[in-house]
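Here are the chains, one letter per residue:
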There are 2 protein chains.
Amino acid sequence: MDSLSVPFSRRAQQLSGSAIREILKVTVRPEIISFAGGLPTPAGFPVAEIQQAFDKVFAEQGRVALQYGPTEGYTPLRQWVADELGKDGVAISADEVLIVNGSQQALDMLGKLFIDEGSKVLVESPSYLGALQAFSVYEPEYVAVPTDEHGLLPEMISGPQAAGARFIYALPNFQNPTGLTLSLERRQELVERCAAAGIPVVEDDPYGELRYAGKALPSLLKLGRDVGASVIRLGTFSKVLAPGLRLGYIVADRRVIDKLVQIKQAADLHTSTLTQMAVYETVSTGFLDQHLPTVRDIYQQQCQYMLDAMDEHFPSTAQWTRPEGGMFIWVTLPAHIDATELLQTAIEHHVAFVPGAPFFVEGSVQKNTLRLSFATVPEAKIREGIATLGKLLKAVN
Amino acid sequence: MDSLSVPFSRRAQQLSGSAIREILKVTVRPEIISFAGGLPTPAGFPVAEIQQAFDKVFAEQGRVALQYGPTEGYTPLRQWVADELGKDGVAISADEVLIVNGSQQALDMLGKLFIDEGSKVLVESPSYLGALQAFSVYEPEYVAVPTDEHGLLPEMISGPQAAGARFIYALPNFQNPTGLTLSLERRQELVERCAAAGIPVVEDDPYGELRYAGKALPSLLKLGRDVGASVIRLGTFSKVLAPGLRLGYIVADRRVIDKLVQIKQAADLHTSTLTQMAVYETVSTGFLDQHLPTVRDIYQQQCQYMLDAMDEHFPSTAQWTRPEGGMFIWVTLPAHIDATELLQTAIEHHVAFVPGAPFFVEGSVQKNTLRLSFATVPEAKIREGIATLGKLLKAVN
């Protein structure tokens, strides 16, 4: 059956498949050493604890867990999120929290909430590909905010290029794709300039709890409070528990939450009652305090394997980030090397990565960049794959 | 914190809360007998079987179930859906099935896929409120298709009013809100006229498996195949298993599915791997064959309680539907009675229902209508509540 004779909407026609997704299709072949994926390591999934939590919910509240629930989310889980932020010194009430199907849904909903065709949206250059895909559906005009090794450069926020922007989207901790952390000084400057310019900040922090080096820095939400900036914070259980659950949350002021609730109601009524209740059972015992050190240790070790191998095998003309947390290392090659072309050769040599180009918005693409993920690859394969990449890089140098 | 100084998008400004949602807030008061809800009865939730399925998935494939999965959905579950349709004589392959977070997400995604600002969309008059909310985000121009006791009247599809419509949205079985079933003759005429006019049919069938009277009729998907109509079919596990799981599916041709996959990827990456695997474990044993008769019996009994009470207590000036399945009865009052005003009085007398007005699109509102749900109210309360309503109706007659 293919008798469709009506056009797709303009926004649907513009949509294209994820470049990463197409690459990942190749990289499932067993002979490929893939640094392309953004998947957390299953070694960090607390299967037994999550199973126990589901069992408890079924045993004690099975029919409630299987019934429709409020669009806002399961109240005890919303309260737990509020309490966690309270520990960091941010006073939040449960009704400033909305539960969603992972951070990706939050990004889609924020696009729906704020973006009209042609609305300016500020994004770090480079930025998270999934966010660009989510926002692009609503046809914004992106403004690329340059970054250096301390994260985004806030100057532009006060300038004419940013005037009237609907929001700035920022990942302050171990950014995807760069692995960079926004410095305290820059955080402060960011929220101050945003407060002055009246530009809301969307703070996406999926990796914040995966810090394995350096000192934790205050969230943009916390810093924003002190200077009167409007900050919308996104969090997720994907990296601290497991991504297959599809559970995340949005923290924002009531006016924003109330409108997002209307948007979510129209989009999918609410997030799984059962999943919310089971995750609440898992985390409300304080389980993350004992679980997270294990997860951090795994990522720290994996990261170190890769950095050691890169130090040994990569040519001195390549530069790369040294993340304090998260799952990604960002590589900048000499300007004449196109990482998309390099990928073709690399795959012939059974190594994969993600070229940097799709992480940039139009007009700011740096083709000589690539992202490496160390999260799920065994040590020996990391060494082997990085050695291969190093050879290829030296050959094209 | 309420320092937001940017406007919401135009579409977000137009959104308003669900009228039903506001009413339901009042009706949670324990003294209220509520016929307003659209919740399935928890008595029909197979808690033990679903718990066992989750346990099995955790025990055998815990780490897979907790990891990211493909946007299209869990392949065995997609195949199961295809096989089920095969039993009804519709040959479908698994890659014509996309798993979503309940039918509501399917409605949102179809809006995103097909509706540009001002696109014509044909809807039954009245139609499912949740669909109108989902589509309205994308600013269509609705065309109301009149209905009588045999369902929608297909003539209009071939006329100038429908020309260029992006799709027609239809609920052929025990429609929400009317409880009406589209007759075989009308089904045939609908798909024939849609094929001729090149208008896709979105067939939403959440209640089809809850038929407790009359004979099952062929789906629009099946009939559409024979005449070359493009039919997109929506199904859900909310009514046959449990709504709190948030699991549904879309069946369509590959070109539509492929674009919907891109839309879903940007919207929330994918539906919970764990939930999909557990539901597959539940249904793949053939469990629904033994479970559904129990659920149908419950609804049939509940429906009969309400119809009996209405026959006894309602004035002869009121008319109502006699559903062959599902959860709803639709009442048409004398033209001078406004059901929204009646609701105020009814709530004072501790009875609630949903006025019909929000189920109609602009320009076709019939204020003298209301929806009654019998699904979750105990027999004695049904009799008591209907008796009260009957008295109020006689008083305003």
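Residues numbered from 1 in each chain as written. Chains lettered and ligands numbered in written order. Predicted model: local features only at pLDDT ≥ 70, side-chain atom pairs only at ≥ 80, totals over all residues. Heavy atoms only, no water.

Peer 1: Explain the sheet that holds strand E10 (residues 319-320) of chain B to me, please; I cannot follow it from the model alone.
Peer 2: Strand pairing in a sheet takes place through backbone hydrogen bonds and is either antiparallel or parallel in direction. Residue and element names in this part refer to chain B. One open sheet holds the four strands; their spatial order is E10-E11-E14-E13, and the pairing between them is antiparallel. Each edge of the sheet is formed by a strand with only one pairing partner; in this case those strands are E10 and strand E13 (354-355). Pairing of E13 with strand E14 (residues 369-373), which is carried by two bridges, proceeds in the antiparallel orientation. In the sheet register, Pro355 faces E14, and the bridge partner there is Leu370. (Pairing = 2+ DSSP bridges. Helix = DSSP H or I, 4+ residues; strand = E, 2+ residues; numbered from the N terminus.)

Peer 1: Sorry, what's going on with the nonpolar core here?
Peer 2: In summary, soluble globular proteins display a tendency toward joint burial of nonpolar side chains. Membership of the largest hydrophobic core comes to 112 residues, with the highest contact counts inside it found for Phe54(A), Ile168(A), Phe237(A), Phe54(B), Ile168(B) and Phe237(B). Those residues in contact with Ile168(B) that sit more than four places away from it in its chain are Leu122(B), Val145(B), Leu152(B), Ile157(B), Leu190(B), Cys194(B), Ile199(B), Pro200(B), Val201(B) and Val202(B). Counting 77 residues, the second largest nonpolar core, distinct from the first, contains Tyr128(A), Phe135(A), Leu110(B) and Phe135(B). (Core = buried A, V, L, I, M, F, W, Y, C linked by side-chain atoms within 4.5 Å. Buried < 20%, exposed > 50% of the residue type's maximum accessible area, 1.4 Å probe, protein only. Contact = heavy atoms within 4.5 Å.)

Peer 1: Can you help me understand the relation of the copies chain A and chain B in this one?
Peer 2: Two copies of the chain are present, and they differ by a rotation about an axis and a shift along that axis. In the superposition of chain A on chain B (RMSD 0.0 Å, axial shift 0.0 Å), the rotation amounts to 180 degrees. Here the symmetry operator amounts to a two-fold rotation axis. In this assembly, 100% of the residues forming the interface of chain A have copies in chain B that are likewise at the interface, indicating an isologous arrangement. (Least-squares fit on C-alpha atoms with pLDDT ≥ 70 in both.)

Peer 1: Is there a simple way to explain the sheet that holds strand E10 (residues 319-320) of chain A in this structure?
Peer 2: All names here are of chain A. Read from one edge to the other, the open sheet built from four strands follows the order E10-E11-E14-E13, with strand pairing classed as antiparallel. On the outer flanks of this sheet lie E10 and strand E13 (354-355), each paired with one strand and no other. By the bridge criterion, two bridges tie E10 to strand E11 (residues 328-332) in an arrangement that is antiparallel. Looking at E11, one finds that Gln319 is bridged to Thr332.

Peer 1: What is the right way to look at the environment of Met327(B) in this model?
Peer 2: Residues and elements named next belong to chain B. Among the structural elements, Met327 can be located in the loop between E10 and strand E11 (328-332). The class for Met327 is buried, based on a relative accessible area of 0%. In this view, Met327 contacts Gly38, Leu39, Pro40, Tyr207, Lys239, Tyr299, Leu372, Ser373, Phe374 and Ala375; residues no more than four positions away in its chain are not counted.

Peer 1: In this structure, what is going on with the interface of chain A and chain B? I would like to understand it.
Peer 2: By a frequent convention, interface size equals the accessible area lost on bringing the separate parts together. Counting residues at the interface gives 91 residues for chain A, matched by 91 residues for chain B. With both chains or domains summed, chain A and chain B bury close to 7600 Å², and 57% of this area falls on carbon and sulfur atoms. Across the contact surface, chain A and chain B share two salt bridges. Here Lys112(B) ties to Asp108(A) by a salt bridge, and the two come within 2.9 Å at their closest N and O atoms. (Buried area = accessible area lost by both parts, 1.4 Å probe. Salt bridge = Lys/Arg side-chain N within 4 Å of Asp/Glu carboxyl O.)

Peer 1: I keep staring at helix H10 (residues 273-283) of chain B and nothing clicks. Help me out?
Peer 2: Residues lying three or four places apart along an α-helix face the same way, a consequence of the helix completing one turn every 3.6 residues. When you tally the buried positions in H10(B), you get ten out of eleven residues, the bulk of the element. Where H10(B) is concerned, the buried positions are Thr273(B), Leu274(B), Thr275(B), Gln276(B), Met277(B), Ala278(B), Val279(B), Glu281(B), Thr282(B) and Val283(B). Buried residues along H10(B) sit against helix H3 (47-65) and helix H10 (273-283) of chain A together with helix H3 (47-65), helix H4 (75-87), strand E2 (97-100) and helix H11 (287-313) of chain B. Sitting at the head of H10(B), Ser272(B) places a side-chain oxygen 3.4 Å from the backbone nitrogen of Leu274(B). (Polar contact = N/O pair within 3.5 Å; in protein donor to acceptor, adjacent residues only side chain to side chain.)

Peer 1: Could you clarify how one ought to interpret the environment of Leu153(B) in this entry?
Peer 2: All names here are of chain B. By the element assignment, Leu153 lies in the loop between strand E5 (151-152) and strand E6 (167-170). Sequence separation of Leu153 and Glu124 is 29 residues, and the distance between their C-alpha atoms is 8.8 Å. Apart from the residues lying within four places of it in its own chain, the contact partners of Leu153 are Val145, Pro146, Thr147, Asp148 and Arg186.

Peer 1: Looking at this structure, I do not really get unusual backbone geometry. What am I missing?
Peer 2: Trans peptide bonds make up most of the peptide bonds, and negative phi angles are found at most residues other than glycine. In this chain, Ser125(A) is followed by Pro126(A) through a cis amide linkage whose omega measures 5 degrees. Mapped onto the elements, Pro126(A) comes out in the loop between strand E3 (120-125) and helix H6 (129-136). For the bond running from Asn176(B) to Pro177(B), omega is 20 degrees, close enough to zero to count as cis. Positive phi is not limited to glycine here, since Glu139(B) has a value of about 60 degrees. Counting through the fold element by element, Glu139(B) comes out in the loop between helix H6 (129-136) and strand E4 (141-148). The class for Glu139(B) is buried, based on a relative accessible area of 15%.

Peer 1: I tried to follow the domain arrangement of chain A on my own but got confused; where do I start?
Peer 2: All names here are of chain A. Domain annotation of chain A identifies domain 1 (10-46 + 289-396) and domain 2 (66-286). Each side of the interface is counted separately: domain 1 has 37 residues, and domain 2 has 34 residues. Taken as a group, Glu324, Phe359 and Val361 account for 21% of the area that domain 1 buries against domain 2, more than any other trio of residues on that side. The tally of links between domain 1 and domain 2 comes to four salt bridges. The salt bridge partner of Arg211 is Glu324, with a shortest N-O separation of 2.8 Å. Here domain 1 and domain 2 share 16 residue pairs in polar contact (both at pLDDT 80 or more) between them. Secondary structure elements with two or more residues in the side of domain 1 that touches domain 2: helix H1 (10-14), helix H11 (287-313) and E11. Of the residues forming the side of domain 1 that touches domain 2, the biggest block, nine residues, is contributed by H11. Per-class residue counts for the side of domain 1 that touches domain 2 are 19 nonpolar, twelve polar and six charged. (Domains from an automatic or database assignment. Nonpolar A, V, L, I, M, F, W, Y, C, P; charged D, E, K, R; others polar.)

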